[in-house]
Amino acid sequence: MKEDVLFIGIGQAGSNLAYEMKQRGFQTFYINSTNDDVDLLDIDDNLKYHIPGATGCGRNRAKALNYTKEHFNNIDNIIMTKFPMFKHIYICFSTGGGTGSGISPVLLGILSQKYPNKNFGYVTILPNSSESVDIKTNSLECYSQLQKLTHINNTLFLDNNSSVNDFIVINKIFADEFEKFIEITSYKSVRGNIDDDELEKLIATKGNVVFANKIGDTIEVTPIFSKPEKTIQKAFVINNDDPITISMLENTFSKPARLFSGYNEDIKNSYAGLFGLPMPKSRIMEIQEEVLKDNEEIVIVKDEQMDFVIPDSLKQNNVPKKDKVKSIDINS
C-alpha cells in the first residue's frame, strides 16, 4: 500500500514532516516559497517546487494565497504529471506558518474537487501555547478554511502543545504510527485479517483520525495528537494475546459502526486507529482564548510603556473584541 500513498510537504514544517515519511519509504514531494527550508534536507531537485520569484512568506498567509492564485495551474500540472498513479494524497503543513498555512487549504479544496477519483487528506500541525500571537492567529484562520472543505477524507491534527514538546520527535512518532497503519494488511493470522479493501475504506473515511495503544486496561491516544472528540465512525485494531475489545472502544470513545480486526502475536501492545472523529474543536477554542489573552497582555504592555495614565474607560476600547475568526470562501 505504501506505493499508493503520496505525501506533499508545503512550507518548512510540512516539508520536515514529509521528509520523515520519505525515510519510511513513502513517495514525497515538496512545495515552498524559499529554497532555504528544503535545501537542508536530502531531497532530489526534481521533487522540489520553488514558487517562481518567491522569497518566503514570513508568516503572511495573504502573501502565500496570492502565490497560489498566480501559480496554481503550474502546481496542479506538476503534481499530476509527476504522480498520476497515486490514489491517496496527504498534504502536510503547519497551520501557524505562512506558506503551508496559506497555500494548503486552497490547494486541498480545489484538487479534491477536480480529482474526485483520488483520496485527499492532510496532516497538519497546531501551535504550542508559548508561540507568538501571529502564529496562533494564523492557525485559527487556517482552521476556519479547513473546516469548510467538503471533499477531504482523513484529517490528522498533530499538536505542538502535547506532552511531546519536540517537533522533530513528534514527526518521527507520527511517521511510525502511520507506517503501522499502512502495514495492517501484512499481518496474517487464523484469528482474523484486515484486507486491502478494508484498508481502502479506512483511508476513504471522512473526518479526524487518531492512533491509540492499549495500556493496561485502557486505550490511550498517542500523545502527539490533539485531544480528540468522542464519536468515531470506523476503527481498526491489531491485537496480540491481550486484545482491545469493542467495549473498551465504546467506554473510551464510542461504538464504531465498522470495526476491522487483525492479529499479530509479536507486537508488544495491541493498537488501534480511530476514524471519522469530529475536528478537534476543544483545542481550537483553547487557541482562540490564548490569542485573546495574548492581545490583552500586549495592550497592557503598551500602556505601561507610556508616560501618562490612560483612564480605564479608554483602555476598554483597546481590548480586542471576542469576535469569531472570519471565514474565507475557498471556492472564490
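The structure contained in this document is the topic of the report that follows. (Residues numbered from 1 in each chain as written. Predicted model: local features only at pLDDT ≥ 70, side-chain atom pairs only at ≥ 80, totals over all residues. Heavy atoms only, no water.)

**Some points on the pattern of salt bridges**
- Applying the stated criterion to the full structure yields 18 salt bridges.
- Between Arg24 and Glu20 there is a salt bridge; the shortest N-O distance is 3.0 Å. The pair Arg24 / Glu20 is uniform in exposure class, with both members buried.
- One salt bridge connects Arg283 with Asp159, and the closest N-O pair in it is separated by 3.2 Å. Taken as a pair, Arg283 in helix α9 (residues 281-304) and Asp159 in strand β6 (residues 154-159) lie far apart in primary sequence, 124 residues in all.
- When its relative accessible area of 3% is taken as the criterion, Arg283 is described as buried.
- Using a relative accessible area of 5% as the deciding quantity, one classes Asp159 as buried.
- If you follow the salt bridges from partner to partner, you end up with Lys136, Asp159, Arg283, Glu286, Glu290 and Asp294 in one network. (Salt bridge = Lys/Arg side-chain N within 4 Å of Asp/Glu carboxyl O. Buried < 20%, exposed > 50% of the residue type's maximum accessible area, 1.4 Å probe, protein only. Helix = DSSP H or I, 4+ residues; strand = E, 2+ residues; numbered from the N terminus.)

**Details of the packing of aromatic side chains**
- Applying the stated rule across the entire model yields 19 aromatic pairs.
- Taking 5.3 Å as the distance between ring centres and 85 degrees as the angle between the ring planes, the aromatic pair formed by Phe7 and Phe26 counts as edge-to-face. In this pair, Phe7 is assigned in strand β1 (residues 5-10) and Phe26 in the loop between α1 (11-23) and β2 (27-32), connecting sequence segments 19 residues apart.
- A relative accessible area of 3% places Phe26 in the buried class.
- Ring centres of Phe83 and Phe86 lie 5.9 Å apart, and the angle between their planes is 70 degrees; on these two criteria the pair is classed as edge-to-face.
- Residue class for Phe83 comes out buried when judged on its relative accessible area of 4%.
- The class of Phe86 is buried, set by a relative accessible area of 7%. (Phe/Tyr/Trp six-rings, centres within 6.5 Å; stacked < 30°, edge-to-face > 60°.)

**Topic: the nonpolar core**
- Grouped together as the largest cluster of nonpolar side chains are 48 residues, with contacts concentrated most on Phe174, Phe178, Phe181 and Phe236.
- Considering each element in turn, this core owes the most residues, six residues, to helix α6 (residues 167-182).
- Once you skip the residues sitting within four places of it in the chain, Phe174 turns out to touch Leu17, Met21, Val123, Leu156, Leu158, Ile224 and Phe225.
- Counting 45 residues, the second largest nonpolar core, distinct from the first, contains Ile10, Tyr67, Phe93 and Ile152. (Core = buried A, V, L, I, M, F, W, Y, C linked by side-chain atoms within 4.5 Å. Contact = heavy atoms within 4.5 Å.)

**Here we look at the packing of helix α3 (residues 61-82) against helix α4 (residues 99-114)**
- Here α3 crosses α4 at 40 degrees, and the two axes come no closer than 9 Å. The orientation of α3 with respect to α4, classified from their angle, is oblique. Our pair here, α3 against α4, has a crossing hand that is right-handed. Here Arg61, Ala64, Leu65, Thr68, Phe72, Ile75, Asp76 and Ile79 of α3 lie close against α4, whose contacting residues are Thr99, Ser101, Gly102, Ile103, Pro105, Val106, Leu107, Ile110, Leu111 and Lys114.
- Looking at the contact of α3 with α4 residue by residue, the classes come out as eleven nonpolar, four polar and three charged. (Axes fitted to C-alpha atoms, helices over the stretch in contact; angles between N-to-C directions. Parallel < 35°, antiparallel > 145°, perpendicular 65-115°, else oblique. Left-handed = near helix turned anticlockwise from the far one by under 90°. Nonpolar A, V, L, I, M, F, W, Y, C, P; charged D, E, K, R; others polar.)

**Quick word on the pairing of β6**
- For β6, the buried fraction is high: six of the six residues fall into the buried class.
- With burial as the criterion, each face of β6 is covered, one bearing Asn154, Leu156 and Leu158 and the other bearing Thr155, Phe157 and Asp159.
- Where strand β5 (residues 119-126) meets β6, five bridges bridge the pair, whose relative direction is parallel. Each residue of the ladder has a partner; that of Tyr122, found in β6, is Thr155.
- Read as a crossover between parallel neighbours, the route from β5 over helix α5 (residues 133-146) to β6 is right-handed.
- Sheet topology note: the β6/strand β7 (residues 207-215) ladder contains two bridges and is parallel. What sits directly across from Asn154, in β7, is Gly207. (Pairing = 2+ DSSP bridges. Right-handed = clockwise from strand over helix to strand, strands pointing away.)

**Structural notes on α6**
- With 16 residues, α6 extends 22 Å between its outermost C-alpha atoms, agreeing within 8% with the 22 Å of an ideal straight helix rising 1.5 Å per residue.
- Every buried residue belonging to α6 is among Ile170, Asn171, Phe174, Ala175, Glu177, Phe178, Glu179, Phe181 and Ile182, and all of these are buried.
- A side-chain oxygen of the first residue of α6 lies 2.9 Å from the backbone nitrogen of Ile168; this N-cap is Asp166. (Expected span 1.5 Å × (residues − 1). Polar contact = N/O pair within 3.5 Å; in protein donor to acceptor, adjacent residues only side chain to side chain.)

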